[in-house]
Amino acid sequence: MASVVAVCQFIDAFAPFELQENFDNAGFLVGRKKQAVTRILVALDITREVVEEAAWWGAELIVAHHPVIFNPVKSITDGTPGGQILLELIENKIAAICAHTNLDAALGGVNDCLAEALELTEIGQLQQAGVDAQGRPYGIGRVGTVHRPGLSAGEYAAFVKERLNAANVRFVGGGKPVQRVAVGGGACGSMLEDVIAQGCDTFVTSDLKYNQFLDAKALGLNLLDAGHFPTENVVCGPMVQWLSEAFPRVEVRLSEVHREVYKSV
């Protein structure tokens, strides 16, 4: 029978927690490490709805991307949204493992899943930070070649919206047809210089600021903001598959209630 610590060790082997950024708090965050696990729920975030879904289904563990505890916690009460989530996890004896920036950077992680979702070929590193203990390269972002070169920024934005099931895609055209694309799951707007240095004409990421769109247009770069949730949720389906293959006696399910928090008109 699987245990929480066994699942944590599996994730650590795939996306080592030591690769996480200094500001991050990825890892085993809630629960007892020796707790037996028969059902795992996978979600991008651990919200109250996700915890309720896990409790209803009988899951002993939630594996998520965003840390359920990010900033230092001075108290756990029902007076805050974060406290309510932690209390419900503890009261329902549900453990939490969160793989965040380590999964962003790891080979085969968030950014590779995003590049594959957008059907890029010849995928490589956007920014290689180093190699892990097993000699595998890691770093945030990926670059690749589009399967249909020559689309305009607007046409490619429509393709991205469809492929990622995004609520909307904000974009600015740099005046070049789309051929070589960089992707950065989540908020990677600070990487414009890396994108240009890699010879890319297009960058797909999220959480962009007004001035970043201005800068991109001046640099001749097509810049697309497809939203934080769609650019990172692409890893959750594969995570279900990875865990199912590693722990065949454990039921693993993707959350059915967690989705983009906002709507667009």
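The preceding data block contains the structure.
Reference entry: report on the structure contained in this document. As the structure is a computational prediction, the values presented were derived from the model and not from experiment. (Residues numbered from 1 in each chain as written. Predicted model: local features only at pLDDT ≥ 70, side-chain atom pairs only at ≥ 80, totals over all residues. Heavy atoms only, no water.)

Some points on the overall build of the chain
Next, step 1: Looking only at helices and strands, the chain features ten helices and 15 strands.
Next, step 2: For 265 residues, the compact-globule estimate of 2.2 N^0.38 gives 18 Å, and the chain sits close to it at 19 Å.
Next, step 3: Projected onto the principal axes, the alpha-carbon positions of the chain cover approximately 55 × 45 × 30 Å.
Next, step 4: Here the chain holds 265 residues, and 52% of them are scored as buried.
Next, step 5: Sequence-distant contacts, at least 24 apart, represent 66% of the contacts inside the chain between residues at least 6 apart.
Next, step 6: Side-chain charges of the chain comprise 21 positive and 31 negative groups, with the mean position of each set lying 3 Å from the other. (Helix = DSSP H or I, 4+ residues; strand = E, 2+ residues; numbered from the N terminus. Rg over C-alpha atoms; globule rule 2.2 N^0.38 Å. Buried < 20%, exposed > 50% of the residue type's maximum accessible area, 1.4 Å probe, protein only. Contact = heavy atoms within 4.5 Å. Lys, Arg positive; Asp, Glu negative; His and termini not counted. Charge placed at Lys NZ, Arg CZ, Asp CG, Glu CD.)

Side note on the pattern of salt bridges
Next, step 1: Scanning the model with the defined rule gives six salt bridges in all.
Next, step 2: Two residues, glutamate 119 and arginine 163, come together in a salt bridge whose shortest N-O distance is 3.6 Å. In this pair, glutamate 119 sits in the loop between α5 (110–117) and β7 (121–125) while arginine 163 sits in helix α6 (residues 153–164), placing the two residues 44 residues apart along the sequence.
Next, step 3: Across the pair arginine 136 and aspartate 132 runs a salt bridge whose closest N-O atoms are separated by 2.7 Å.
Next, step 4: Relative accessible area serves as the criterion here: at 21%, arginine 136 is assigned to the partly exposed category. (Salt bridge = Lys/Arg side-chain N within 4 Å of Asp/Glu carboxyl O.)

Some points on the packing of aromatic side chains
Next, step 1: The full count for this structure, using the stated rule, is four aromatic pairs.
Next, step 2: Ring centres of phenylalanine 14 and tryptophan 242 lie 4.5 Å apart, and the angle between their planes is 45°; on these two criteria the pair is classed as tilted. One end of the pair, phenylalanine 14, is in helix α1 (residues 4–14); the other, tryptophan 242, is in helix α10 (residues 236–246), with 228 residues separating them in the sequence.
Next, step 3: Using a relative accessible area of 22% as the deciding quantity, one classes phenylalanine 14 as partly exposed.
Next, step 4: Ring geometry for phenylalanine 23 against phenylalanine 70: centres 6.3 Å apart, planes inclined by 50°, an arrangement best described as tilted. In this pair, phenylalanine 23 sits in the loop between α1 and β2 (27–30) while phenylalanine 70 sits in the loop between β5 (61–64) and α3 (81–91), placing the two residues 47 residues apart along the sequence.
Next, step 5: With relative accessibility at 52%, the residue phenylalanine 23 sits in the exposed group. (Phe/Tyr/Trp six-rings, centres within 6.5 Å; stacked < 30°, edge-to-face > 60°.)

Side note on the sheet that holds strand β6 (residues 95–98)
Next, step 1: Taken together, five strands build an open sheet; the order of strands is β2-β6-β5-β4-β15 and the sheet is mixed. Among the strands making up the open sheet, the edge pair consists of β2 and β15 (251–254). Across this sheet, the average inter-strand angle for adjacent strands is 25°, counted without regard to direction.
Next, step 2: When strand β4 (residues 39–43) meets β5, the two strands line up parallel, connected through four bridges. Note that in β5 the partner of leucine 41 across the bridge is isoleucine 62.
Next, step 3: Here α1 sits on the sheet and contacts β2, β4, β5 and β6; the angle it forms with β6, its principal contact strand, is near 5°. (Pairing = 2+ DSSP bridges. Axes fitted to C-alpha atoms, helices over the stretch in contact; angles between N-to-C directions.)

Structural notes on α3
Every α-helical turn comprises 3.6 residues, leaving residues that sit three or four positions apart pointing alike.
Next, step 1: All buried positions along α3 are accounted for by Gly83, Ile85, Leu86, Glu88 and Leu89.
Next, step 2: Check the buried side of α3 and you find it contacts β2, α2 (48–57), β5 and β6.

Geometric values such as these leave the question of function open.
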